[in-house]
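Below, each chain spelled out in residue letters.
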Amino acid sequence: MFKDYIRDLKNEFKGYNMQTLLQDILAGLTVAAVALPLALAFGVSSGADAGAGLITAIIAGLVIGVLSGASYQISGPTGAMSAILIGLSTTYGLQGVFIASFLSGCMLIIASLFKFGKIVSFIPTSVITGFTSGIAIIIALGQIDNFFGTTSVGSSALEKLFSYLKLGFPVSLPTVFFGILVVVIMLVWPKKWGEYCPSSLAGIIIALICQLCMNLPVHEVGTIPSTLFPEARLSFSSLQLGTITQLMLPALSIAALGMIESLLCGASAGKMKNDRELMAQGIGNMLIPLFGGVPATAAIARTSVAIKAGGKTRLVSVFHSVVILISMFLLGSLMSRIPLSALAGVLMVTAWRMNDWQEIKTLFHNKVKTNISQYLITMCATVVFDLTVAIVIGVMVSIILFVLNNSHLHIEVRDIDKDRVGKDLKHHHQKTRIMYLSGPIFFGTQEQMIHVLDELDDSLEAIVFSMRGVPSIDDSGIHEFFDIVDRLKVQNCIIKFSGVQEEVMIQFKRNHFDEYVGKESFCWDAIMALEALDQELISA
């Protein structure tokens, strides 16, 4: 992996010059303009503070950006990760978040070494879409208090939502003013202006100016650290066995989400070395809590901005981190006055835009019940349960639906038409039938054969099972064939098999079915089977 990394670096920076450097610097500035308000917002929404979000963006951009499996990948705090962390911070505090982040980094490194990156390719698109929509709902629900100035209790988004029934919903008008102001600005901000100043940054700046001028009674971001080593950071003394054991499942959720988000980001943007990306994410998430940051993943929004801005190398990620670092040190006192409801407005719009609306529209327009079910079940499971559990539920539902949709065994029984056979058959074959089977034969479909056989005449002389359309068979299906052979032998009915596929034949041989029925009973096609029957029936 290290040799491949060095080789790719040489290829990436081959012919690098001042013009390319300028492109990377400008792209880094553009990405920083997008990442800065999101880092502030995701830091707050994760249960930490705005400073933690900035530190995460800085360290992730430097460490993960340099080690990344692709030159274009930009990592940092994300909405999906904040949805996990808000409940974790409520239950275990910030030290719990730091420890879980450290453990998740270890898990990602292990996943990289064992090449688990391919797992993401097995997750259906509709499951990913439902997962993303569920996260968007969690983010939006988690920002109700900051947006409206209300108070809720509970460890999950739903618990907080239902707590309003007891606590009431007293709205703070000054707070709502800033939230609505940012939402409106982000929605009406012209796209051509967005090339120079992102709508989220514009909304935050205008809200900040309003607050500086009016000084309304609203909750503000608060102190922004002027150091990369704040007091609230991972303490190795807290890495005790009991605490580690308690946080293994949350850490697994963070690692799973980090793997899914990062690899999907790479898949959507272009070719990427999956296992190296997991290694980079793992190292980054082990280091970030040492600086007081929250877990990071690759971010599709920032990555796409880097590509569109003309970034050429991984230095874009480094420059974006440097810009955020300078902003934190020079503008910390101003950023501390930003109303929390302004950040909530950014997250509300971000949650809305997180949804892949084109994909959702296609899902419901095509009216494919399987895909719609996968989407809705995964979305609901994401809101109600842990995010990792939601992915598992979505994949399991997908497997079950796939099996159900593909478990139909098509059976067609035909008489023998000598004119269509094209061979000079001497026997009349009036009591010979060909049973055409198409589809998998397993415990879910074997009964279909029995029902068809029950409807056949007991006086049949011969039957040919045409199995060219059978791709697979399990033990239950084979045992059913043993019973069928015994039953037909009692009726003095001769049995032939034609067109048996290689995989099915292997299973027959493993269970000694070919010996039981007689190897001469297997023919290449139905015509050869009829010719063999012709001789046997005449001689009989």
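Here we summarise the structure given alongside this text.

The rules we used
Residues numbered from 1 in each chain as written. Predicted model: local features only at pLDDT ≥ 70, side-chain atom pairs only at ≥ 80, totals over all residues. Heavy atoms only, no water. 1 Å grid on protein atoms, 1.4 Å probe; cavity = no way out; pocket = protein on both sides within 12 Å on 5 of 7 lines; lining within 4 Å. Points joined across faces, edges and corners; volume = space filled by probe spheres on them. Nonpolar A, V, L, I, M, F, W, Y, C, P; charged D, E, K, R; others polar. Helix = DSSP H or I, 4+ residues; strand = E, 2+ residues; numbered from the N terminus. Axes fitted to C-alpha atoms, helices over the stretch in contact; angles between N-to-C directions. Parallel < 35°, antiparallel > 145°, perpendicular 65-115°, else oblique. Left-handed = near helix turned anticlockwise from the far one by under 90°. Contact = heavy atoms within 4.5 Å. Buried < 20%, exposed > 50% of the residue type's maximum accessible area, 1.4 Å probe, protein only. Expected span 1.5 Å × (residues − 1). Bend = angle between axes of the 7 residues up to and from the residue. Core = buried A, V, L, I, M, F, W, Y, C linked by side-chain atoms within 4.5 Å. Pairing = 2+ DSSP bridges. Salt bridge = Lys/Arg side-chain N within 4 Å of Asp/Glu carboxyl O. Patch = residues over 30% accessible without salt bridge, like charges linked within 9 Å, V, L, I, M, F, W, Y side chains within 5 Å. Areas by Shrake-Rupley, 256 points an atom, 1.4 Å probe, with all protein chains shown as cover. Right-handed = clockwise from strand over helix to strand, strands pointing away.

**Remarks on empty space enclosed by the protein**
Consideration 1: In total, this model carries one cavity of 30 Å³ or more according to the counting rule given.
Consideration 2: Its boundaries defined by the atoms lining it, the largest cavity holds a volume of some 70 Å³.
Consideration 3: Lining the largest cavity, in full, are Leu453, Leu456, Asp457, Asp458, Leu460, Ile463, Arg487, Leu488 and Gln491.
Consideration 4: When the residues that make up the lining of the largest cavity are grouped by side-chain class, the tally is five nonpolar, one polar and three charged.

**Observations concerning the layout of surface pockets**
Consideration 1: Taken as a whole, the largest pocket spans an internal volume of roughly 1,700 Å³.
Consideration 2: Contributing to the lining of the largest pocket are 42 residues, with Ile300, Ala301, Arg302, Ser304 and Arg353 lying nearest its centre.
Consideration 3: Its residues assigned to classes, the lining of the largest pocket shows 22 nonpolar, 13 polar and seven charged.
Consideration 4: Ala83, Ile86, Gly87, Leu88 and Ser155 are, among the 37 residues lining the second largest pocket, the residues nearest its centre.
Consideration 5: Broken down by secondary-structure element, the contributors of at least two residues to the lining of the second largest pocket are α2 (18–45), α4 (79–113), α5 (125–142), α6 (144–148), α7 (157–167), α12 (248–269), α18 (369–384) and α19 (387–405).
Consideration 6: Of all the elements, α4 adds the most residues to the lining of the second largest pocket, at nine residues.
Consideration 7: Partitioning the lining of the second largest pocket into residue classes produces 19 nonpolar, 15 polar and three charged.

**As for the packing of α2 against helix α15 (residues 315–335)**
Consideration 1: The interhelical angle for the contact between α2 and α15, taken along N-to-C directions, is 50°, at an axis separation of 7 Å. One finds that α2 runs oblique with respect to α15. Like other packed secondary-structure pairs, α2 and α15 cross with a definite hand, here right-handed. Along the contact surface, α2 presents Leu21, Asp24, Ile25, Ala27, Gly28, Leu29, Val31, Ala32, Ala35, Leu36 and Leu40, while α15 presents Leu315, Val316, Phe319, His320, Val323, Ile324, Ser327 and Met335.

**Overview of the environment of glycine 444**
Consideration 1: Take glycine 444: it is sitting in the loop between β4 (432–438) and α21 (446–454).
Consideration 2: Under the relative-accessibility criterion, glycine 444 is labelled partly exposed at 44%.
Consideration 3: Sequence separation between glycine 444 and alanine 390 is 54 residues, and the spatial gap between their C-alpha atoms is 27 Å.

**Some points on α15**
Consideration 1: End to end, α15 covers just 26 Å across 21 residues, shorter than the expected 30 Å (1.5 Å per residue, more than 12% under).
Consideration 2: At phenylalanine 329, α15 shows its maximal bend, which comes to roughly 55°.
Consideration 3: Within α15 the residues assigned to the buried category are Val316, Ser317, Val318, His320, Ser321, Ile324, Ser327, Met328, Gly332 and Met335.
Consideration 4: Buried positions along α15 lie against α2, α3 (50–67), β1 (75–76) and α14 (300–308).

**What about the packing of α2 against helix α10 (residues 199–214)?**
Consideration 1: Where α2 contacts α10, the two axes come as close as 8 Å, and the packing angle between them is 55°. Compared by their axis directions, α2 and α10 come out oblique. The handedness of the crossing between α2 and α10 comes out as left-handed. Each of Ala33, Val34 and Pro37 in α2 lies in contact with α10, whose residues at this interface are Ser200, Leu201 and Ile204.
Consideration 2: When the residues that make up the contact of α2 with α10 are grouped by side-chain class, the tally is five nonpolar, one polar and no charged.

**Description of the side chain of aspartate 534**
Consideration 1: Positionally, aspartate 534 belongs in helix α25 (residues 526–539).
Consideration 2: With relative accessibility at 7%, the residue aspartate 534 sits in the buried group.
Consideration 3: Beyond its immediate chain neighbours, meaning those up to four positions away, aspartate 534 contacts Asp424, Leu425, Lys426, His427 and His429.

**Thoughts on unusual backbone geometry**
Consideration 1: You will see that lysine 367, though not glycine, has its phi angle at about 55°, which is positive.
Consideration 2: Here lysine 367 lies in the loop between α17 (357–366) and α18.
Consideration 3: Backbone geometry places asparagine 492, a non-glycine residue, at a positive phi of 60°.
Consideration 4: Relative to the helices and strands, asparagine 492 is located in the loop between α22 (475–490) and β6 (494–498).
Consideration 5: On the basis of relative accessible area, asparagine 492 is assigned to the exposed category, the value being 65%.

**Observations concerning the nonpolar core**
Consideration 1: Counting residues in hydrophobic clusters, the biggest one holds 98 residues, and the most contacted among them are Leu40, Leu54, Leu85, Ile224, Ile324, Ile338 and Leu343.
Consideration 2: Considering every element that reaches this core, the biggest residue donor is α4, with 15 residues.
Consideration 3: Contact partners of leucine 54, with chain neighbours within four places excluded, come to Leu36, Ala39, Leu40, Ile224, Ile324, Met328 and Met335.
Consideration 4: Within the second largest apolar cluster, 30 residues are counted, among which are Ile463, Val470, Phe482 and Met505.

**Some thoughts on the sheet that holds β4**
Consideration 1: Strand order across the open sheet formed by five strands is β3-β4-β5-β6-β7, with mixed pairing between neighbours. The two strands at the open ends of the sheet, each matched to only one other strand, are β3 (410–415) and β7 (522–523).
Consideration 2: Two elements, β6 and β7, share two bridges in a ladder whose sense is parallel. Its bridge partner lying in β7, serine 498 is registered against cysteine 523.

**Points about the pattern of salt bridges**
Consideration 1: In the structure shown here, the tally under the stated rule is nine salt bridges.
Consideration 2: The closest approach of N and O atoms between arginine 314 and glutamate 12, which form a salt bridge, is 3.0 Å. With arginine 314 in the loop between α14 and α15 and glutamate 12 in helix α1 (residues 2–12), this residue pair connects regions lying 302 residues apart in the sequence. Accessibility classification places arginine 314 together with glutamate 12 in one group, the buried group.

**Section: a nonpolar patch on the surface**
Consideration 1: A cluster of nonpolar residues, Leu62, Leu212, Val322, Ile326, Phe329, Leu330, Leu331 and Leu334, forms a patch on the protein surface that exposes about 670 Å² of accessible area.
Consideration 2: In this fold, phenylalanine 329 is placed in helix α15.

**Brief notes about the pairing of strand β5 (residues 462–469)**
Consideration 1: Of all eight residues that make up β5, six are buried, and the element is covered over most of its length.
Consideration 2: Bridge count for β4 against β5 is six bridges, and the pairing is parallel. Across the sheet, isoleucine 434 pairs through a bridge with valine 464, a residue of β5.
Consideration 3: For β5 and β6, the ladder comprises five bridges, and the chain directions are parallel. Within β6, the residue paired with phenylalanine 465 across the bridge is phenylalanine 497.
Consideration 4: Regarding the hand of the β-α-β motif, the stretch spanning β5, α22 and β6 is right-handed.

All we've got here are geometric facts, nothing functional implied.
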